Amino acid sequence: MSKICALQLPTQPLSEARLDYYLKICADENARLVVLGEYVLNSFFKELASMPKSLIKEQSERKKEALFAMAKKYDLNIIAPIINLKGKEIFKSLAKFSQTQVKLYDQQILMPYAHWNEAKFFSNASEELNLPIFTYDKFKVGVMFGFEAHFDVCWAYMSAKKVDIVLVPTACTFFSQARWEELLKVRAFTNNIYVLRVNRVGSHKSEDEQWSFYGDSMLISPFGEVKNRLGKNEEMMIDELSKKELSEARSTWGFMQIEAKFKR
């Protein structure tokens, strides 16, 4: 068994005290892989649009330094979306912090909608899909952002890489709980993998709108069943991944073996 931790948080202040508190608990519980939701290390997207780039950069750099230090201090692997500035351009990225390094990956597919147009705001551009894949305690782990989880091509990519668990950091709102649960349960079941969705909490308020982020982070089993979930407040989840459960799901349904016949 290998332990994993989901931290369901709002946007964090520049102070590192709260993150340090939770990460110490993860280390004490021997949960060496920790996942944060979207817009936890940085202000929410709608707020970034009115922030000076210098302030966005300071926010990101201070969080990178703090999380890298805590990854070394507690011997953790920390997965966290982060805003990354390259010169004058702003990118929506994913950071993987370990004892020895910080690796950054740009999000591949961004939302293009009028009310939430990340594709226009950020400078991300990709001609070929390249999602993060790494190994944690003999489990092959893939990561995709919440919007990317809507696309077959992303799940086909994970299937081709033979991942055991997909981490999905999100910033979901607008009463979409049921849709997200069904979407991720189906993907976990048809791929016979674990899916850990880590959503943020908190709210965004402006003169003409208010958005609430509802949490509901969940770990879904390779049988497509919700194994554990959080509520709507700031919380943490520590749970276990099982090679035995993965093997049982795959041998019971045999989806990969059946599909392989049509790839020859």
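Residues numbered from 1 in each chain as written. Predicted model: local features only at pLDDT ≥ 70, side-chain atom pairs only at ≥ 80, totals over all residues. Heavy atoms only, no water.

A. Just the overall build of the chain, in detail. Broken down by element type, the chain carries eight helices and 16 strands. Against the 2.2 N^0.38 benchmark of 18 Å for 264 residues, the chain shows a C-alpha radius of gyration of 18 Å, consistent with a compact globule. Principal-axis analysis of the C-alpha atoms gives the chain an extent of 55 × 40 × 35 Å. Scored against the burial criterion, the 264 residues of the chain give a buried share of 52%. Expressed as a percentage of contacts within the chain between residues at least 6 apart in sequence, the contacts between residues at least 24 apart total 66%. With an accessible surface of roughly 12500 Å², the chain has 51% of that area assigned to carbon and sulfur atoms. Between the averaged position of the 37 positive side-chain charges in the chain and that of its 33 negative side-chain charges there is a distance of 4 Å. (Helix = DSSP H or I, 4+ residues; strand = E, 2+ residues; numbered from the N terminus. Rg over C-alpha atoms; globule rule 2.2 N^0.38 Å. Buried < 20%, exposed > 50% of the residue type's maximum accessible area, 1.4 Å probe, protein only. Contact = heavy atoms within 4.5 Å. Areas by Shrake-Rupley, 256 points an atom, 1.4 Å probe, with all protein chains shown as cover. Lys, Arg positive; Asp, Glu negative; His and termini not counted. Charge placed at Lys NZ, Arg CZ, Asp CG, Glu CD.)

B. Region of the structure containing the sheet that holds strand E10 (residues 165–170). In spatial order, the strands read E8-E9-E10-E11-E14-E15; together these six strands make up an open sheet with mixed pairing. Where the open sheet ends on each side, the last strands, each with one partner, are strand E8 (133–136) and strand E15 (226–229). If you compare each strand with its neighbour and ignore which way they point, the axes differ by 20° on average. Here E8 pairs with strand E9 (residues 139–143) via four bridges, running antiparallel. Bridging across to E9, Thr135 finds its partner in Lys140. (Pairing = 2+ DSSP bridges. Axes fitted to C-alpha atoms, helices over the stretch in contact; angles between N-to-C directions.)

C. Quick peek at the sheet that holds strand E16 (residues 235–241). Spatial ordering of the open sheet is given by E5-E4-E3-E2-E1-E16, a layout of six strands whose pairing is mixed. A single partner strand is all that each edge strand has here, and the edge strands are strand E5 (102–106) and E16. Geometrically, the sheet is characterised by an average inter-axis angle of 30° between neighbouring strands, direction not taken into account. Note: strand E2 (residues 33–36) against strand E3 (residues 77–86), three bridges, orientation parallel. Bridge pairing links Val34 to Ile78 in E3. Those strands touched by helix H3 (residues 53–74) are E3, strand E4 (89–97) and E5, and its axis lies near 155° from that of E3.

D. Spotlight on the nonpolar core. Among the nonpolar cores identified, the biggest contains 24 residues, and Leu7, Leu23, Val34, Leu36, Leu67 and Ile78 are the most heavily contacted of them. Among the secondary structure elements, those contributing two or more residues to this core are strand E1 (2–8), helix H1 (17–28), E2, H3, E3 and E4. Dropping the residues within four chain positions of it, Ile78 is found in contact with Leu23, Val34, Leu36, Leu67, Ala71, Ala95, Lys96 and Phe97. In terms of nonpolar packing, the next biggest core, distinct from the first, is built from 23 residues, Ile4, Leu94, Leu167 and Tyr194 among them. (Core = buried A, V, L, I, M, F, W, Y, C linked by side-chain atoms within 4.5 Å.)

E. Just unusual backbone geometry, in detail. Backbone geometry places Tyr39, a non-glycine residue, at a positive phi of 55°. Tracing the sequence through the fold places Tyr39 in the loop between E2 and helix H2 (45–48). Judged by relative accessible area, Tyr39 falls into the buried class, the value being 3%. The backbone of Asp216 sits at a positive phi, close to 60°, despite the residue not being glycine. Secondary-structure assignment places Asp216 in the loop between strand E13 (210–214) and strand E14 (218–220).

F. Region of the structure containing the packing of aromatic side chains. For the structure on display, the rule yields 15 aromatic pairs. Measuring from centroid to centroid gives 5.5 Å for Phe45 and Phe121, while their planes differ by 80°, and the two rings are edge-to-face. Here the residue Phe45 occupies a position in helix H2, and Phe121 occupies one in helix H4 (residues 118–121), the gap between them amounting to 76 residues. Residue class for Phe45 comes out buried when judged on its relative accessible area of 6%. Residue classification places Phe121 among the partly exposed positions, given a relative accessible area of 25%. (Phe/Tyr/Trp six-rings, centres within 6.5 Å; stacked < 30°, edge-to-face > 60°.)

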